[in-house]
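# Examining the three-dimensional arrangement
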Amino acid sequence: MNVARSFNNWRKYRQTVTELGRMSSRELQDLGINRADIHSVARQSVAR
């Protein structure tokens, strides 16, 4: 079960990074996210 959970967390992390990475800097700014913070935000999304 732990392997499946880890895989799902990794997929969620990658999806978040991809989606945020596709956004323009202006769109990220509107969300209060700096481009340098994308990986941090993605890690936080998995921790929830």
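Reading the values: rules and limits
- Residues numbered from 1 in each chain as written.
- Predicted model: local features only at pLDDT ≥ 70, side-chain atom pairs only at ≥ 80, totals over all residues.
- Heavy atoms only, no water.
- Core = buried A, V, L, I, M, F, W, Y, C linked by side-chain atoms within 4.5 Å.
- Buried < 20%, exposed > 50% of the residue type's maximum accessible area, 1.4 Å probe, protein only.
- Helix = DSSP H or I, 4+ residues; strand = E, 2+ residues; numbered from the N terminus.
- Contact = heavy atoms within 4.5 Å.
- UniProt positions renumbered as here; feature names shortened; annotations may be inferred.
- Polar contact = N/O pair within 3.5 Å; in protein donor to acceptor, adjacent residues only side chain to side chain.

Going by what an unreviewed UniProt entry lists, the chain is known as DUF1127 domain-containing protein and is assigned to Agrobacterium vitis.

Time to look at the nonpolar core. Tyr 13, Val 17, Leu 20, Leu 28, Ile 33, Ile 38, Ala 42 and Val 46 together form the largest nonpolar core, which totals eight residues. Within the residue set of this core, elements represented by two or more residues are helix H1 (2-22) and helix H3 (38-47). Beyond its immediate chain neighbours, meaning those up to four positions away, Val 46 contacts Asn 9, Lys 12 and Tyr 13.

The subject of this paragraph is the environment of Ala 47. Mapped onto the elements, Ala 47 comes out in helix H3. Distance from Ala 47 to Tyr 13, taken between C-alpha atoms, is 9.6 Å for residues 34 residues apart in sequence.

Before going further, it helps to examine the UniProt feature "domain: YjiS-like" (unreviewed entry) in the chain. Those places that UniProt annotates as "domain: YjiS-like" (unreviewed entry) correspond, in this numbering, to residues 3-39. Between the C-alpha atoms that bound residues 3-39 the distance is 22 Å, and the span itself is 78% helix and 0% strand.

Relative to the helices and strands, Ser 45 resides in helix H3. In this structure the side chain of Ser 45 is engaged in a polar contact, spanning 2.7 Å, whose partner is the backbone oxygen of Ala 42. With residues near it in sequence (within four places) discarded, Ser 45 still touches Lys 12 and Thr 16.

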